[in-house]
Structure formats: C-alpha cells, structure tokens
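# Close look at the chain arrangement
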Amino acid sequence: MNIGGFVRCSIFRQSPFRIIARNWHKEPIKVAWEKPEIGWTKLNFDGSCKCKTGKASIGGILRNDKAEFMLGYSESIGKTDSSIAELRALERGLELLLENGWSDRHVWFEGDSKSLVEIIANKRTVRCAQVQKLVTDINLVMSVLDNCILTHVYREGNRAADKLAQMGHHMKTPQVWHNIPPREVLRIVHEDAEGKTFFRRR
C-alpha cells in the first residue's frame, strides 16, 4: 500500500464458466439490514473509491432501535484507496457520535469490509502506517463509548451507507443530515425497516 498517495484498484477477471461452476452447488445466503436491539443505535458506514481516478468518498447512517433515521453523512475525501476510505467513514461516524453527545449510548457499528472489521475488532497491527494510525485512533475513540460492538455485513445489508458514500463523490462540501434522510436514501431506509431480504451467492 502506498502511504503517500493512493493505490490503484486492480480488476481481476475470471471466466464466466469458473464462476458458475464454483457457485453451482452452494445455497445462496439471505442478507438483510438488521435492526438493533432496544436501547441500541446502529451506525452503518462505507467508503467508495473510483478505480479510474482514485477519488474516494465516505458515507454513513445512524438509526435507532425502531429503524428510524437519526443522522446521515456524506463527503468527498480526495484521492486515496478503498481501505482508507472505509476507515475514514467509520472515523467520521465516531466523530459525529461525540459531537452530538451520544457517547453514552450502546452503539452497533457495521461495515461491509470484512478484513478491516476484523483488523479493528482484533486490534491487529498492519504494515501501512496510515492505516495503522486510523485503526489506532478508531479503537481509542471506541474505548470511551459506554458499550459498542463492531460487525461485518455483506453489501446488500449496507445499502444505505453505500448510497451515501456514492453520493459523496458529487459533494463539494461535507453534508450531514439530522432526523430526515436525503431523498436519495429514503426508499432504502424504508425497505430496511420493513426487513427486505436479498439472496447472495456464496
């Protein structure tokens, strides 16, 4: 990973036959956004990186135990790689939690990058200094929260955060929404609250 700049996204091509053969006998996984338990709030976060330009953006959404929208955010963060974008998305969510005086809440953090979730949750050391600093800072802020958990979800269960991250590519300034979500994610918020399920091939 290049610390000073950004990492170009690599595209790996597989023959359609191999993909079909690999998944042929495997049952699809049910994926849905899961509502937090009573007394908990949930922050879904995501980062987005454009392969051709290296430009990245972040987004996140906070909802309560009734699946009601509390807060959302979206912004462009310049050129970087997808790992940094994911971590910056979580970091920004933590900042907004503290800014709004919600450090005393039980918070469930959820992202769709399994490797980064495991690095943070297990406090692993990584070679990239920039990634390591973000991981360290995130764990430090999480330690001041009364109670929190961090889990991985497939992208189908992280659609609202993904949409907000995509919107960030078009933002000239950082945006934060309180109580009422932007119209671009309103349908997703309603579908999540209703428990819409997707089927994902393993």
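Everything that follows concerns the structure shown earlier in this document.
This text gives an overview of the structure that appears in the document. The residue numbers shown here count from 1 along each chain, following its written sequence. Where totals are concerned, whole chains, interfaces and linings use all residues; where local detail is concerned, this predicted model gives features only for residues with pLDDT of at least 70, and gives and counts side-chain atom pairs only at 80 or more. Values reported for side chains reflect all heavy atoms of the structure, with hydrogen atoms and water molecules removed beforehand.

### Some words on the packing of helix 2 (residues 82–99) against helix 4 (residues 129–142)
Formally: Under this scheme, a helix contributes an axis fitted over its contacting stretch, all axes are lines through C-alpha atoms, and angles between N-to-C directions fall in the 0 to 180 degree range. Labels follow the DSSP assignment, with helices taken as runs of H or I lasting at least four residues and strands as runs of E lasting at least two, numbered in each case from the N terminus. Oblique is the label for every angle not falling under 35 degrees (roughly parallel), over 145 degrees (roughly antiparallel), or within 65 to 115 degrees (roughly perpendicular). Here is the rule for handedness: rotate from the far helix to the near one, and if that takes an anticlockwise turn smaller than a right angle the crossing is left-handed, while a clockwise turn gives right-handed. Contacts between residues were defined by any pair of non-hydrogen atoms, one from each residue, lying within 4.5 Å.
At a closest axis distance of 10 Å, the pairing of helix 2 and helix 4 adopts a crossing angle of 25 degrees. Between helix 2 and helix 4, the angle falls in the class roughly parallel. Seen from above, helix 2 lies across helix 4 with left-handed handedness. Of the residues in helix 4, those touching helix 2 at Ile 84, Leu 87, Arg 88, Leu 90, Glu 91, Leu 94 and Leu 98 are Gln 130, Val 131, Leu 134, Val 135, Asp 137, Ile 138, Val 141 and Met 142.

### Topic: the side chain of Lys 42
Convention followed: The definition of a polar contact used here is a pair of N or O atoms within 3.5 Å, where within protein one atom must be able to donate a hydrogen and the other to accept one, and adjacent residues in sequence count solely through side-chain atom pairs.
Position of Lys 42 among the secondary structure elements: in strand 2 (residues 40–49). Engagement of the side chain of Lys 42 in a polar contact is seen with the side chain of Glu 110, the distance being 2.8 Å.

### Details of helix 3 (residues 114–121)
Because each turn of an α-helix spans 3.6 residues, side chains separated by three or four positions end up pointing in the same direction. What counts is decided by this rule: Think of it in three bands: with a 1.4 Å probe and only protein chains considered, a residue is buried below 20% of the maximum accessible area for its type, exposed above 50%, and partly exposed in between. This arc corresponds to the set of directions leading from the helix axis out to the C-beta atoms.
All of the buried residues along helix 3 are Leu 116, Val 117, Ile 119 and Ile 120. Down the axis of helix 3, the buried side of the element spans an arc of 160 degrees, and every buried residue falls inside it. The inward-facing, buried residues of helix 3 abut helix 2, strand 5 (106–111), helix 4 and strand 6 (147–152). Of the residues flanking the end of helix 3, it is Lys 123, one or two places downstream, whose phi is positive at about 50 degrees.

### Some points on the sheet that holds strand 5
How we decide: For two strands to be treated as a pair, DSSP must find no fewer than two bridges joining them.
Across the sheet, which stays open at both edges, the six strands sit in the order 6-5-2-3-4-7 with mixed pairing between neighbours. Edge positions in the open sheet fall to strand 6 and strand 7 (175–178), since each of these has one partner strand only. Strand-to-strand twist of the sheet, defined as the mean angle between neighbouring strand axes without regard to direction, takes the value 15 degrees. Bridging between strand 2 and strand 5 involves six bridges; their strand directions are parallel. Paired with Leu 43 across the two strands is Phe 109, which belongs to strand 5. Strand contacts of helix 3: strand 5 and strand 6, with the helix running at about 150 degrees to strand 6, the strand carrying the most contacts.

### Side note on the pairing of strand 4 (residues 69–79)
Of all 11 residues in strand 4, eight are buried, a share of seventy percent or more. Here strand 3 (residues 55–63) pairs with strand 4 via nine bridges, running antiparallel. Across the sheet, residue Gly 60 finds its bridge partner in strand 4, namely Tyr 73.

### A closer look at the environment of Trp 108
Inspection of the secondary structure assignment puts Trp 108 in strand 5. C-alpha of Trp 108 to C-alpha of Glu 37: the two residues are 71 residues apart in sequence and 9.5 Å apart in space. Beyond its immediate stretch of four places on either side in the chain, Trp 108 contacts Glu 34, Lys 35, Pro 36, Trp 40, Thr 41, Lys 42, Leu 43, Ile 149 and Thr 151.

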